[in-house]
Amino acid sequence: MRFRLLLSFASLVALSSVNGEEPFDFNATPGKLPKEVVPTEYAIRVKPDLKALTFSGAETVKLDVRKPVRKLVLNALQLRIADGAIDGQPLPAASLTLDAKEQTLTVALPNELTAGTHTLALSFTGKINEQGSGLFYCRYQEHGSGAAKTMLGTQFEATDARRFFPCWDEPSFRARFQLTAVVPENFLAVSNMPIEHEQKVEGGKEVRFGMTPAMASYLNVFVTGELDLIETKVGETQIRVIATKGKAEQGRYALESSAQILKFYNDYFGVPYPLPKLDQIALPGGFGGAMENWGGITYYESALLFDPAKSSDATRKRVFAVIAHEMAHQWFGDLVTMAWWDNLWLNEGFASWMGSKCTAHFNPQWEVWLATDTPRDPTRRSGMAKETAMEGDARSTTHPIQQKILTEADANGAFDDITYKKGQSFIRMLESFLGPDVFRDGIRQYMAAHKNSNTTTADLWAALAKVSGRDVAKIATSWTEQPGFPVIIVNREDGAKVALTQERFTVNVKEPSSLLWPIPVTYALAESAPQTVLMTKKTMALPNVPLDKPLKLNVDGTGNYRVQYDAGSWKLLRGELKALSEADRVNLLSDSWALFQANRAPLSLYLGLIEKLPASAGLAEREQVMNSFAFINQLLAGTKPRGAFQNYARGLLRPIFDQIGWEPKKDEPARSATLRADLIDALGDLNDPAIVAGCRERFQKYLDDPNAIPPDLRPAILNVVGRYADEGTWDKLHELGRKTTSIEEKQNYYDALTQTTDPRLVKEALQIAVSDELPVSRAISVVPRVARYSDHPEMAWQFAQKHMKELLAKTDALGANRYAPGLFNFFSETARATELKQFAQKNLPAESHKAVAQAIDEITFRTELKQRLVPQITEWTAAATKSKP
């Protein structure tokens, strides 16, 4: 263990009011479907029609009937049931009832079905969707030729397997699946398992895949199209990267990384990857993320493919990180699956943590635990994954890591920063507390005990407790079953004693509930080794702390809590900034910025710290500052203080850029390339004349010679050019975006188009969202991007109102209920909250309530913060101007 433990777990009795859940029990697991009938094996055959965008299908399902029943209830959505049979006996059409609202198919049985093994057969037809829900199509330009092509893919998580075939579409109903598909003869077909048999049939070829192990329905996958592949082997496991024709070689980096990661995970989890093959599949559209289908992971193309001649280092990092996350799911999520969606964090929080741990292991120079995930995004107040989660978790609209899930909409809404990033942050803190070796051994115990089954959080705590000898649930449940997180208030007292007080940290919450957490508090004095004390009560004291020694809590920022120092402690820390680690300085920046947001400290605390940063400050520190400046700059849009703030911010950032320069230097560290690009983007946003001119000059050279701008700088330079573009320049960017067959390049060009601040061009940019120029998963992001970057959120909202039906038709199930409310995140006037409430009452379903509440909270937060920000930033920038020689 890195830190010395000073208090035992026995002291956690004070926090026992938080009740942990029970270990996995199939019969007690939540869900809509009855538990008396359990599917054990599916044989499914589908035949897609690419012209009609429909498909026909048939399935035979082996059932384990545990108690006599008179009906079967399973899931189906967007399907028409042609006929059915039970144990070979045809069922009358009237016995098959679909309920679109409940997303179920009820099969009324002619006779009571006895306990034992039975067989259900169904024939059905369905729709091939435009958006990434169920079976969907991707239209794309073929690499090289530019010819228009179409391919098919699937996206079933959370509750969309039922759009492809009738099934028991809840994660605890594990079964084996065998898929057969009829596809055009020139298509490659891919599913979870290798191809078992292939034969020519009318209309193409019939491909039958091997039977999967028992797994959840949402982990099925089917992809087909004109595809190429490259492959390798790790032990007995075949690894392939599959992409549209002409692009497979761009998967070479992904293939090499996958082989590296697979070896690491086989060792870490202690259970070898169990399937004969692992496919990494690049999809050029219709699907906007990545999905951990067992044995056949799907990725949006730009998250898997890397072109060494054209892709940036940021793309390389993203590819490795996304692969590491999705491959972690092959164990955490696939081999062992959460029992119900309330434990989604067991999938996503752990995959986020494991993916980051793996990425950091192989790429220590990337500083993964300090890296930002959304640089200079003014919808965020910071960029680190943990900080992003903490910002949302400080609000009244937050929820526990483990949340109640009652409906399909609830399940789709659970994929958020709390589930992913707070889950990751808590696991990192717990690993640090137990020690990495003990934690790893606990994970191995968990995998071995629960492979090919389902679990609850209690099963994980039990495995960790067995290995560590500690009552892990006592500390863990307070973090997973309570919303929010604590702030520790530090007060130095006479007699070399420091008093610590914990309370809930909130932002824009009038009457927060009083909660307590068991906090593994790490602390260090100057030139002393860090120590850990478990804080189990509201107050405690740290003895033997000299009054003249700087005291730093939350060493390296690994804890999921904030720290509010008294004036004396803060002064000592600020005087010792150079001696602190970069991680500790980032932590102080993040906390001081958060304290200002929460109205616990003035803005001067944060800005004063920035001005004290040493010249050697690293990438993570600079990016934290740039993120905060981007938020301030956007919040001040349309106000008089904005110009003075931009001038002040440029004064802090421009000297850093002048030192690093436009051109890469020989043997410069990797962080320099990232910092250079980030500074160009940030200074461009701050209207730096020299940066804007430099970007325009380089863009003109780029038009004649695409190698004139290094790949690392292209997104940043294009963003600045797009932001200040005249009509001719904007049209040229648009032309480049339409012509390229590279999804990554297309994304760069269209991102630049949405940056424009010219109202005439804003209108042009918005029209792209309802055109067919972009894959639907990217087209729907155009309107939010315009609202975010153009300084004209009102234009974006007015456009969205007129075209809401078209926009929602492009949105998948995970985003549908968030789309309209999310456009209000860029307003800072109280009247907008009223407008959203009225719009929601008339136009949005009840399932949007959560997203509406979050948007209203964001509006009121921005409104209140802006009122505090304007006088404080005005005073600070005026003083800074006067102090200049």
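Above this text you will find the structure in question.
The structure reproduced in this document is the subject of the present report. Predicted model, so just to flag it, every value in this text is computed and none were measured.

### Some points on the overall build of the chain
Phase 1: Of regular secondary structure, the chain possesses 27 helices and 29 strands.
Phase 2: Whereas a compact globule of 885 residues would reach a radius of gyration of roughly 29 Å, the chain reaches 28 Å, a difference of no more than 12%.
Phase 3: Each of the three principal axes of the chain carries a C-alpha extent, and together these read 90 × 70 × 55 Å.
Phase 4: For the chain, restricting intrachain contacts to residue pairs at least 6 apart in sequence, the fraction spanning at least 24 positions comes to 71%.
Phase 5: For the chain, the accessible area works out to roughly 33,200 Å², and carbon and sulfur atoms hold 51% of it.
Phase 6: For the chain, the distance from the average position of its 102 positive side-chain charges to the average position of its 105 negative side-chain charges is 3 Å.

### Considering the sheet that holds strand β20 (residues 296-300)
Phase 1: The strand order β16-β17-β18-β20-β19 describes an open sheet built from five strands, whose pairing is mixed. Bordering the open sheet on either side are β16 (227-234) and β19 (290-291), each of which pairs with just one other strand.
Phase 2: Both β19 and β20 contribute to a ladder of two bridges, which runs antiparallel. Looking at the pairing, Met291 lines up with Thr298 of β20.

### Considering the pattern of salt bridges
Phase 1: Summed over all chains, the structure comprises 54 salt bridges.
Phase 2: Residues Arg240 and Asp279 are paired through a salt bridge, measuring 2.7 Å at the closest nitrogen-oxygen approach. In this pair, Arg240 sits in strand β17 (residues 237-244) while Asp279 sits in strand β18 (residues 277-283), placing the two residues 39 residues apart along the sequence.
Phase 3: A salt bridge links Glu835 to Arg832, with the nearest nitrogen and oxygen atoms 2.9 Å apart. Here Glu835 pairs with Arg832, and both are found in helix α26 (residues 830-843), just three residues apart, close to one helical turn.
Phase 4: A relative accessible area of 16% means that Arg832 is categorised as buried.
Phase 5: One network of salt bridges, with partners in common, ties together Lys32, Glu102, Arg162, Asp169 and Glu408.

### Focus: the pairing of strand β3 (residues 69-75)
Phase 1: The element β3 is largely enclosed, with a buried count of five among its seven residues.
Phase 2: With six bridges joining them, β3 and strand β7 (residues 104-113) adopt antiparallel strand pairing. Bridging across to β7, Lys71 finds its partner in Ala108.

### Concerning the sheet that holds strand β29 (residues 562-565)
Phase 1: If you walk across this open sheet you meet the four strands as β27-β24-β23-β29, and the pairing is mixed. Two strands close off the open sheet at either side, each with one partner strand: β27 (539-542) and β29. Ignoring which end each strand starts from, the neighbouring axes of this sheet average 25° apart.
Phase 2: Bridge analysis of strand β23 (residues 486-493) against β29 gives four bridges, and the strand direction is parallel. The partner of Val487 across the bridge, within β29, is Arg562.

### Topic: the environment of Gly246
Phase 1: Tracing the sequence through the fold places Gly246 in the loop between β17 and α1 (252-269).
Phase 2: Overall, the relative accessible area of 46% leaves Gly246 in the partly exposed class.
Phase 3: Residues Gly246 and Leu653 lie 407 residues apart in sequence; the distance between their C-alpha atoms is 42 Å.
Phase 4: If sequence neighbours within four positions are ignored, Gly246 has contacts with His143 and Asp228.

### Points about the environment of Val533
Phase 1: Structurally, the position occupied by Val533 is in strand β26 (residues 531-535).
Phase 2: Distance in space between the C-alpha atoms of Val533 and Ser883 is 44 Å, their sequence separation being 350 residues.

### Here we look at the side chain of Thr224
Phase 1: On the secondary structure map, Thr224 appears in strand β15 (residues 222-225).
Phase 2: In terms of polar contacts, Thr224 uses its side chain to reach the backbone carbonyl oxygen of Leu188, at 3.1 Å.
Phase 3: Ignoring anything within four residues of it in the chain, the contact list for Thr224 reads Met151, Leu152, Val183, Phe187, Leu188 and Ala189.

### Focus on helix α13 (residues 619-635)
Phase 1: Its 17 residues give α13 an end-to-end C-alpha distance of 24 Å, which sits within 8% of 24 Å, the value for a rise of 1.5 Å per residue.
Phase 2: Counting buried positions over the 17 residues of α13 gives 17, a clear majority of the element.

### Some words on the packing of helix α6 (residues 417-434) against helix α7 (residues 436-450)
Packed helices, taken two at a time, are described by their axes: the angle between them and the distance between them.
Phase 1: Closest axis-to-axis distance for the α6/α7 pair is 6 Å, and the angle between their directions is 115°. Comparing their axes, α7 and α6 come out roughly perpendicular. Together, Ile427, Leu430, Glu431 and Leu434 of α6 and Pro436, Val438 and Phe439 of α7 make up the contact between the two elements.
Phase 2: Classifying every residue of the contact of α6 with α7 gives six nonpolar, no polar and one charged.

### Observations concerning unusual backbone geometry
Phase 1: Of note, the amide linkage connecting Glu157 to Ala158 takes the cis form, showing an omega dihedral of 5°.
Phase 2: By the secondary structure assignment, Ala158 is in the loop between β10 (148-155) and β11 (176-183).
Phase 3: Its identity as a non-glycine residue notwithstanding, Asp667 has a phi of 65°, on the positive side.
Phase 4: Secondary-structure assignment places Asp667 in the loop between α14 (641-660) and α15 (670-685).
Phase 5: Judged by its relative accessible area of 69%, Asp667 falls in the exposed class.

Cut-offs and rules
Residues numbered from 1 in each chain as written. Predicted model: local features only at pLDDT ≥ 70, side-chain atom pairs only at ≥ 80, totals over all residues. Heavy atoms only, no water. Helix = DSSP H or I, 4+ residues; strand = E, 2+ residues; numbered from the N terminus. Rg over C-alpha atoms; globule rule 2.2 N^0.38 Å. Contact = heavy atoms within 4.5 Å. Areas by Shrake-Rupley, 256 points an atom, 1.4 Å probe, with all protein chains shown as cover. Lys, Arg positive; Asp, Glu negative; His and termini not counted. Charge placed at Lys NZ, Arg CZ, Asp CG, Glu CD. Pairing = 2+ DSSP bridges. Salt bridge = Lys/Arg side-chain N within 4 Å of Asp/Glu carboxyl O. Buried < 20%, exposed > 50% of the residue type's maximum accessible area, 1.4 Å probe, protein only. Axes fitted to C-alpha atoms, helices over the stretch in contact; angles between N-to-C directions. Polar contact = N/O pair within 3.5 Å; in protein donor to acceptor, adjacent residues only side chain to side chain. Expected span 1.5 Å × (residues − 1). Parallel < 35°, antiparallel > 145°, perpendicular 65-115°, else oblique. Nonpolar A, V, L, I, M, F, W, Y, C, P; charged D, E, K, R; others polar.

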